Every structure is written in structure tokens, then in C-alpha cells.
Amino acid sequence: MTAIDVMLSAVGLVAVGSALAVVSTQHLVRAGLWLVVTLGAVAVEFLLLRAEFVAWVQVLIYVGAVVVLLLFAVMLTRAPIGRSTDLDRPIGPALLIGAGSGLGLAGLFAWVFRDMRVNPPPTGSAQRVGEAIFGDWVLPFEVLSVLLLAALVGAIVLSKKDT
Amino acid sequence: MSGVPGYGLGKGLAITLKTLVSRSTTQQYPDVAPELPPRSRGVIALREENCTVCMLCARECPDWCIYIDSHKEEVVVPGAARPRQRNVLDRFDIDFSLCMYCGICIEACPFDALFWSPEFEYAEYDIRNLLHDKDRLNEWMATVPAPPAHDPQGEPSKEEANALKKAGAA
Amino acid sequence: MDWLELALRVGAVTVAFLVLPLLVGQTEHKVMAHMQARLGPMYAGAFHGWAQLIADGVKFVQKEDITPRAADGPVFKLAPGVALIPYLLVLLVIPLGPGDLVGQPLDIGLFFALAIVGVGVVAVLMAAWSSANKYSLLGGLRAAAQLMGYELPFVLAAASVAMAAGTLSLPLIVERWEPWWLLWQLPATLVFFIAGLAEIRRPPFDMPIADSELVFGYMTEYTGLRFAFFLLAEYVGIVVISALTATLFLGGWHGPMAESLGWLWMLLKTGAVAFLVIWFRVAWPRLREDQLQRLCWLILVPVALAQLVLTAWVRVAMA
């Protein structure tokens, strides 16, 4: 156990704990704020794993934009301060699906990579990420771009007034 | 010219910049005394000797802020047939919490007993202290500026003209 | 030795974090006053009111720290800190002079700065919602809409200069900067500066705290030290945006005798941009909400995209 391992586990605990808080809190807006903590902790995990670029993309896109959009939307509705007692959250199925997929995936990874030893890769700088995306993964990247473009065009068409 | 886009924005910047580099107009009041016109209306002063308790000022005052009390006194003049009567001023108060500085009392006074003084720093912590009694009003007399000189081009006053005529006749 | 150096660097950045905003604030007091033919603060500190902001700080500390009864306490109390810390972190990566005269040279410093500045909006939303006040909430929603919109031209303009320099590292961008970029990157400069003004919600983009209609927007319910934190965040924001503009587009420490006086040039350029920020506040009226969004989406974003294309063309032509 190196210092990095300890920090990795500690931040991981923070991430999992705040993720649990997201789904279990009865304060509607606070759930969104807990999500900020979760995503921030995941960003720190990326940092600890030396994937700097991905970490800051995580902060820029998820904390800075996605969660903000989510909070914005929630605040446009009722967004009560205090507990909402009328939340419809069946615990049983949620536990089954959430814990099942989480534990299942964790177990799967642990089993598949059980004999693998990886040396820490060099820092995930912008250059490396760029080379990977525009080298090996250029086709999927372009396909994704087209998908996003299609979604954009769709959004414009949907929001356009019928004349 | 004002049709150019951004013309207004540029003008705003220009005006603020011009104001920035020119002297500001702030008066540093308690540190630097303001330069008031000599006959500013600051406070009303009373020359007690001139007051005959005619009560004109108190009656003309629109908000009744002048309080006057007096009594009569007999003055025995040697050689006169009977003693004269004279009004003695006991109280002459102006309540500056009511006064609206219209100056009508000063205009109304026929005996030059009331004057404007440019002093204005007599604010108080207690509103009751704004009631100036005759001693306090008398103190303001020291700050009353000299009356303005006659207009040298103007017509001489009736008294002067009469005196001149008499001197010419003699 | 390494730890000592790290402590020294972090200490220097903290000092800058505490001193520069006060300097900007005092300058704003005086410049704004003189632009309005006033004198501004004259008494605190005996000489032209130089200690006014210190006096203000003492006053804020003494004030009662009020949390409204209906407010969401923890969120309400946390928000000012969340507003302040991102800017502190950004100051770490801004190069002051040539060589390693920078708090923490980061390979992707520009990206880091943009990501962290974007976190500030979370603090605004927290403050707005947890205050349990409709003016606060309205201000927060305006702020969120504004920040999300202006984030786009902000990042696009920064991307243009990163593309021109071929790096995301702030010290390297400054190093590769050349005077003719002033012309080449002019549209990006303007877009970045305007979007930056909107990011820190300074007039003429102060719709979220428009005092004539929203009391003080999302800061309405704050008092004392927490309010002071929000104010401090605003002024650190000016420093950060000015310093970023100077670093990315005005050549940072470039200037005569850059080797020895680089830090001075950087500070001067930052100061000049901060002066512009103050000047705009005095001279210009507030943009209406619809004008604000129109400016962002119909002018700044297209200009930034066109600049990106131009930058790419010039880069390809030069290669």
C-alpha cells in the first residue's frame, strides 16, 4: 500500500458515499449538490491515476455544465427547501439493480483482471489523449461527432415554431 | 454620426475618461470651509436693543416659530410731565426646528432688530436645543456681515436727498 | 527543499490572492469616484483613504452572521467558500514571469483554469437556492443561464489561442506569443474579455444581481463575513480574468527587458485590463436579459467560431 493507494481508497469512499447520498437524500436539490461531490471525487481519482486531462474534462463538463444544467432545471420547478416526503422511490428494485450492477461489475473486473499487473502509464496529458483520439480512435470519435450533430439539429427542429 | 454602431459606448467611455482627468467637484466640507455667498441665509440674529416688542415678526411668521414675552416699564425722565412707558423684552426665542428660513420676520421688522447671518453650523443632538433664546440670537450678531454698500450709480436715498437739498438751500 | 519551495510558491500565491483583489477594489473606489467627479474614500488611513477596504473588512468581521430561518443552513453557509476557492486555484497556474515564475506550472494549465472557473456557477446556484428568497432564486437562475451561455465563447476564444500556440500550458503559450498575434487573435481577445466580464458578472453583465430589480440577486440574504467572501470572490474574479486575458492575448511578461522585468510587465498588463473592467462598469448601462443572451449566442459564439477557423487556417498555412 503506497500513499497513492490510500488516497485512492479514501477518495473512492467519498465518491461512493456521496453517490449513496445522491440517491438516498430526501432533499431534492441537495441530491444534485451531492452529485457535485461525487463527480469531483471521481475527478480526483482520475488525477491520482495520472489522467490529468480526463480529470479536468470531468470538472469542466460534468461539474461545470451537466450538474449545473440539472440544478438549473430542478430550481425552475418547485425545488423545496427541506425534505420532500412524497418522493416515489421503491427501495427494493433500486437496491437490486444498483447493488447488483455495481457489485456485479466490480466482481467482473476483479475476476477478469485478477492476474494482470499494469505499470502506471505516463501522465495522461492533452498530447497523449489527443494522439489516442485522433490516431487509433478517430473513426469512433467522428461517429460520435455526427451523433452529437444529429442531436443538435434535432433539438433545433423540435424547438422551432411551426410557421 | 450617432448611427455608427458602438458610438454611444464610445461616447460613454470618453465622457467618463474626461471626468476622470479633470478635477472633481467634491467639497471637503468639515476640513475645508465652504465658500458661501456673503449674504447666505444661515441663521437669524437678533439685535436686542433695536427690538421694541412690536410683535410684527411673530405675527408674520408663517409657522409661528417666534416666541416673545415682554412687560411694560415706566421710565421717569427728569423734567418730563409724566413717566414714559417702555416695553422690555423678557423672552425672544426662535425655534429653528420649525423655522423654514423664509426670512419674512427680517423683512417685517421695522426697526432693524433681525438680520440674516451666514453661519450654519448649529446642528444639535437634541431637537430641543434648536430653540435659540435671545442671548444665543444676540451672539449671532457678531457674524452678521456689514450691509451692502449703496449702488454708486443709483438714486440717493430720500434722507440723503433731503439733507443735500437743505444744505443747498442754506 | 522541494517542500520548502512548494510552501513558498503557495504562500506567494496566497499573498497575491489576498493583496491583488484589495488593490483592484481600492482602485475601483477611487477611479469610479473620479469618473463621477467625486473623490471617493478620503479618511481611512489618513492618506486618500488607502485603508478603506481594510476598514471595510474589519466592519464585515464584526457584523452578525445571519442565516435566515427558512434557509437551508449547511448549503447556505458553504456557498461563499465554494465561490472563493476556484479563483484561488486558478491563480496558481497563471505565469507571472519568464522561466518558472509561476505558482504551479501545469501541462494543461489553460484547461485547468477554464474548468475551475466554471465551478463558480455551482456556488451561485447554491447561494441562490438555499437563501429561501425569491429574489435570490431569480438572480441565481439568471446567473446560471448567463454563465452557461458565456462559458461557450469563453472556452472557444481560449481554444483559439491554445491552437495558435500549439499547447495548453499557460507559460508555454506566453513563451510562444508574438506581437503580431495581437492582430491575428484580436477577435478572440475581444470575445474572451467580454465573455470573461460576463463570467464574473461585472457590469454591464450584472443582470443576476441587478440591484434595481432583484435587491442583490443571490447575495441578498448574506451578511458579514460570508458576504465579504462573495465580494472578495468578485474582485479575485477581476484579477483572474484580467490576468488570463493578459496571459493569453496580450503576451503576459513580454516587453522590454522581459528577462528581469517580466513580472512587472505582466502586472502592468493585468492592471490595465482590470482598469478597463472598472471603466466599463462606470460608463455603460446594464444589458437586459434578452440582450445579454442575444449578444452571447448571436455575436460572441459565431465570432469565436470564425476565429477558430481563421486560427486553424493560419496555422496550416504557416506549417
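Residues numbered from 1 in each chain as written. Chains lettered and ligands numbered in written order. Predicted model: local features only at pLDDT ≥ 70, side-chain atom pairs only at ≥ 80, totals over all residues. Heavy atoms only, no water.

Where an unreviewed UniProt entry is consulted, chain C appears under the name NADH-quinone oxidoreductase subunit H, with the organism given as Rhizocola hellebori. The Catalytic activity (unreviewed entry) comment attached to chain C in UniProt states, word for word, "a quinone + NADH + 5 H(+)(in) = a quinol + NAD(+) + 4 H(+)(out)". (UniProt positions renumbered as here; feature names shortened; annotations may be inferred.)

The name given to chain B in an unreviewed UniProt entry is NADH-quinone oxidoreductase subunit I, with the source organism recorded as Rhizocola hellebori. Regarding chain B, the UniProt comment filed under Subcellular location (unreviewed entry) reads as follows: "Cell membrane". Turning to chain B, the UniProt record has this under Catalytic activity (unreviewed entry): "a quinone + NADH + 5 H(+)(in) = a quinol + NAD(+) + 4 H(+)(out)".

Next up on the list: the pattern of salt bridges. Residues and elements named next belong to chain C. Across all of its chains, the model carries 16 salt bridges over all chains by this definition. A salt bridge links R9 to E5, with the nearest nitrogen and oxygen atoms 3.0 Å apart. Of this pair, R9 and E5 both sit in helix 1 (residues 2-35), 4 residues apart, which is roughly one turn of that helix. Two residues, R202 and E28, come together in a salt bridge whose shortest N-O distance is 2.5 Å. Taken together, the residues R202 in the loop between helix 8 (186-199) and helix 9 (211-214) and E28 in helix 1 connect sequence positions 174 residues apart. As far as the burial class goes, R202 and E28 line up, both buried. One continuous salt-bridge network, built from bridges that share partners, spans E28, R202, E234 and R281. (Salt bridge = Lys/Arg side-chain N within 4 Å of Asp/Glu carboxyl O. Helix = DSSP H or I, 4+ residues; strand = E, 2+ residues; numbered from the N terminus. Buried < 20%, exposed > 50% of the residue type's maximum accessible area, 1.4 Å probe, protein only.)

Every contact between the two is made by 13 residues of chain B and, on the other side, 15 residues of chain C. Where chain B abuts chain C, roughly 1300 Å² becomes buried across the two surfaces, and 68% of that area is made up of carbon and sulfur atoms. Three residues, L13, T16 and L20 of chain B, lead the burial of chain B against chain C; their summed loss comes to 39% of the area buried on that side. Joining chain B to chain C, the criterion identifies 0 salt bridges. Connecting chain B to chain C are 6 residue pairs in polar contact (both at pLDDT 80 or more). (Contact = heavy atoms within 4.5 Å. Buried area = accessible area lost by both parts, 1.4 Å probe. Polar contact = N/O pair within 3.5 Å; in protein donor to acceptor, adjacent residues only side chain to side chain.)

Moving on: the UniProt feature "transmembrane region" (unreviewed entry) in chain C. Residue and element names in this part refer to chain C. Under the UniProt annotation, "transmembrane region" (unreviewed entry) lies at residues 6-25, 78-96, 108-129, 150-174, 180-198, 227-250, 262-283 and 295-314. Taken end to end, residues 180-198 is 89% helix and 0% strand, and its first and last C-alpha atoms sit 27 Å apart. Span residues 262-283 is 100% helix and 0% strand, its end C-alpha atoms 32 Å apart.

To continue, consider the packing of aromatic side chains. Scanning the model with the defined rule gives 22 aromatic pairs over all chains in all. Note on F134 of chain A and F141 of chain A: the rings are 5.0 Å apart at their centroids and 70° apart in plane angle, and the pair reads as edge-to-face. Both rings, one in F216 of chain C and one in F227 of chain C, keep their centres 5.9 Å apart while their planes meet at 55°; by these two values the pair is tilted. A residue pair is termed long-range when its members are at least 10 positions apart, and F216 of chain C in the loop between helix 9 and helix 10 (224-249) and F227 of chain C in helix 10 qualify at 11 residues. (Phe/Tyr/Trp six-rings, centres within 6.5 Å; stacked < 30°, edge-to-face > 60°.)

Let's shift gears to the UniProt feature "binding site: [4Fe-4S] cluster 1" (unreviewed entry) in chain B. All names here are of chain B. The sites that carry the UniProt feature "binding site: [4Fe-4S] cluster 1" (unreviewed entry) are, in the present numbering, C51, C54, C57 and C109. Annotated residues spanning 59 residues; largest pairwise C-alpha distance 10.4 Å, indicating a single compact cluster. Tracing the chain through its elements places C51 in the loop between strand 1 (43-46) and helix 2 (56-60).

Two elements in contact, helix 3 (residues 52-76) of chain A and helix 4 (residues 109-130) of chain C, have axes separated by 9 Å at closest approach and are oriented at 25°. By the angle between their axes, helix 3 of chain A is roughly parallel relative to helix 4 of chain C. Crossing handedness for the pair helix 3 of chain A and helix 4 of chain C: left-handed. Here helix 3 of chain A contributes F53, W56, V57, V59, L60, V63, G64, V68, L71, F72 and M75 of chain A to the contact with helix 4 of chain C, which in turn contributes F111, F112, L114, A115, I116, G118, V119, V121, V122, L125 and W129 of chain C. Residues that form the contact of helix 3 of chain A with helix 4 of chain C fall into these classes: 20 nonpolar, 2 polar and no charged. (Axes fitted to C-alpha atoms, helices over the stretch in contact; angles between N-to-C directions. Parallel < 35°, antiparallel > 145°, perpendicular 65-115°, else oblique. Left-handed = near helix turned anticlockwise from the far one by under 90°. Nonpolar A, V, L, I, M, F, W, Y, C, P; charged D, E, K, R; others polar.)

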